[in-house]
Amino acid sequence: MDRVCSAWFGKGFKDQVAVPLWAQRIVVAWLSKAEWDQVTVYLFSDQHKLQRYALNRISAWRSRLGNELPLAVASTADLVRCKLMDETGAWGTDELRLLYGMALVRFVNLISERKTKSVKLPLKFLAQEVNIPDWIVELRHQLTHKKMPHISDCRRGCSYVLDWLQRAYWSRQMENSLREDSELEEDKEETDEDDQEEENKVDITEQKLEPKHAENGEEQDVSAAGDSKGNKELEGHLEKAQRQKELYERTRELLVSYQQEQFKVLEKFRHLPQAIKAWNNLSPPVQCILDELKGITSANREAVLDALLDNGFLIPTFEQLAVLQIEYEENVDFSDMVVPKPFSHFWQPLLRGLHSKMFTQALIERMLFELPALGSSGVRCTYILRWTVELIVANTKTGQNARRFSADQWEARKNWGLFNCSASLDWIHVVESCLGSACWASPQLLQV
């Protein structure tokens, strides 16, 4: 069980226990947060002198931490050093290509190293999970196995990767730092205000209100009533947002528990065909999870939809596909498109239990709405399409449209058994949603 779950959820998922505060502290190589912020700014400066200073500081950090230096910091330093040597004109083209090549190869290898240890998958797919484009992986492949690419390609790759590192790592670190400073300042201001109030505290009962003109009193009453109404509306919105956040987080916890229960079955039977049969017989823990999810769905359907469509649930990671022995295929014929059988059966008990006209239709429409922003490739786009087609197929009753289904789609429809339910979808509204969120896949979806 530990082996399967560690591949699905990541290492140490079972070790989520309270850790003393002293044990959570991390030793870093920089002297202070100010030094870190300074290096962040200097690295991406246009002045060579400032860049050299930042590189020297990172060299000092490397001497203190060794291999424990964050990968993003090491890769950024290597790429900035290459760019600096190129702009100063001290090196020839061949030497620069070798420098750029080594830095780019190390970047791709280091970024994907953690995932390749847990599962063997093509580098292109692993890079897609962190939004590294295919041409960067292909450039790395050329540098490693083929003829050295042109210097302009190396420069373009270096510029793109540095921009990626700045957005994905350095800018986020800076935002977190600013947020922490802001929170500290707010706490300090609140403390000062509380102290001031204590010092100036006056017994209200000993004070007498001075008489006001009637007109001024009426204006104040109207203003107070308006402020009170506005405050109540704001409080209502905040309470609603907080409630949705709590329900969303609880839904995620329940989905993780559901995955763990399903993997207990997979670990017990070892073979997928036997596990698939067992999944259809709901165990008491799965039934409890399903009952609570139904309650959350009736209270806030959007929170459940948000969680279900997060990566790692209905949208699998490459590790999850590998655990279920599913090969990732990006280009699939629409006429034969369905969710891979093991992954479909994994989630069928939960989706079948939540099935209703309102919920299933909302799920399909949510996926149709998201498609235009996803492009035409990637795991998320592929599985949003697969789930959309499969749920449409599963809810289609016998008729002219059903005759177009492929053998795999007929089998999926039979396994779901939703077409026998009384909850028939509003197909006109589904078609309107598809037309309202037009994308490259819309023509094919309308023919399903």
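Glancing now at the overall build of the chain. Per the secondary structure count, the chain includes 19 helices and 0 strands. Counting all 448 residues of the chain, 40% fall into the buried class. Taking the intrachain contacts of the chain between residues at least 6 apart in sequence as the baseline, contacts between residues at least 24 apart amount to 74%. Put simply, the chain shows about 26600 Å² of open surface, and 51% of that area lies on carbon and sulfur atoms.

Oppositely charged side chains can pair when the atoms bearing their charge come close. In this structure the tally under the stated criterion is 16 salt bridges. A salt bridge links aspartate 78 to arginine 106, with the nearest nitrogen and oxygen atoms 3.6 Å apart. In this pair, aspartate 78 sits in helix α4 (residues 71-88) while arginine 106 sits in helix α5 (residues 93-118), placing the two residues 28 residues apart along the sequence. The class of aspartate 78 is buried, set by a relative accessible area of 17%. Of the charged contacts in the structure, one is a salt bridge between glutamate 253 and arginine 250, with a shortest N-O distance of 3.0 Å. With glutamate 253 and arginine 250 both in helix α9 (residues 214-269) and 3 residues apart, the pair spans about one turn of that helix.

Before going further, it helps to spend a moment on the side chain of threonine 40. On the secondary structure map, threonine 40 appears in helix α2 (residues 33-43). Of the residues examined, threonine 40 reaches a relative accessible area of 9% and is grouped as buried. Here tryptophan 36 takes part through its backbone oxygen, which lies 2.9 Å from a polar atom of the side chain of threonine 40.

Nonpolar side chains collect at one region of the surface, where Val431, Leu435 and Leu446 lie side by side and expose about 260 Å² of accessible area between them. For leucine 446, the location among the structural elements is in helix α19 (residues 442-447).

Right, let's talk about the nonpolar core for a bit. Counting 64 residues, the largest nonpolar core has Trp279, Trp347, Leu350, Tyr383 and Trp387 as its most contacted members. Per-element accounting of this core gives the leading share, 10 residues, to helix α16 (residues 379-394). With residues up to four places along the chain from it excluded, the contact list for tryptophan 279 reads Gln262, Val265, Leu266, Leu272, Leu324, Pro342, His345, Phe346 and Pro349. Val105, Leu123, Leu162 and Leu165 belong to the second largest nonpolar core, which has 42 residues in total.

A word on the environment of glycine 436. Structurally, glycine 436 can be placed in helix α18 (residues 427-436). On a C-alpha basis, the gap between glycine 436 and phenylalanine 369 in space is 8.0 Å, while along the polypeptide they are 67 residues apart.

Following both chains from N to C, one finds helix α10 (residues 272-279) and helix α14 (residues 341-354) inclined at 20°, their axes separated by 9 Å at the closest point. Relative to α14, the element α10 lies roughly parallel. In the crossing of α10 with α14, the sense of the turn from one axis to the other is left-handed. Along the contact surface, α10 presents Leu272, Ile276 and Trp279, while α14 presents Pro342, His345, Phe346 and Pro349. Taken together, the residues of the contact of α10 with α14 break down into 6 nonpolar, 1 polar and no charged.

What follows concerns unusual backbone geometry. Positive phi, close to 60°, is recorded for glutamine 325, a residue that is not glycine. As for its placement among the helices and strands, glutamine 325 is situated in the loop between α13 (318-323) and α14.

The rules behind these values
- Residues numbered from 1 in each chain as written.
- Predicted model: local features only at pLDDT ≥ 70, side-chain atom pairs only at ≥ 80, totals over all residues.
- Heavy atoms only, no water.
- Helix = DSSP H or I, 4+ residues; strand = E, 2+ residues; numbered from the N terminus.
- Buried < 20%, exposed > 50% of the residue type's maximum accessible area, 1.4 Å probe, protein only.
- Contact = heavy atoms within 4.5 Å.
- Areas by Shrake-Rupley, 256 points an atom, 1.4 Å probe, with all protein chains shown as cover.
- Salt bridge = Lys/Arg side-chain N within 4 Å of Asp/Glu carboxyl O.
- Polar contact = N/O pair within 3.5 Å; in protein donor to acceptor, adjacent residues only side chain to side chain.
- Patch = residues over 30% accessible without salt bridge, like charges linked within 9 Å, V, L, I, M, F, W, Y side chains within 5 Å.
- Core = buried A, V, L, I, M, F, W, Y, C linked by side-chain atoms within 4.5 Å.
- Axes fitted to C-alpha atoms, helices over the stretch in contact; angles between N-to-C directions.
- Parallel < 35°, antiparallel > 145°, perpendicular 65-115°, else oblique.
- Left-handed = near helix turned anticlockwise from the far one by under 90°.
- Nonpolar A, V, L, I, M, F, W, Y, C, P; charged D, E, K, R; others polar.

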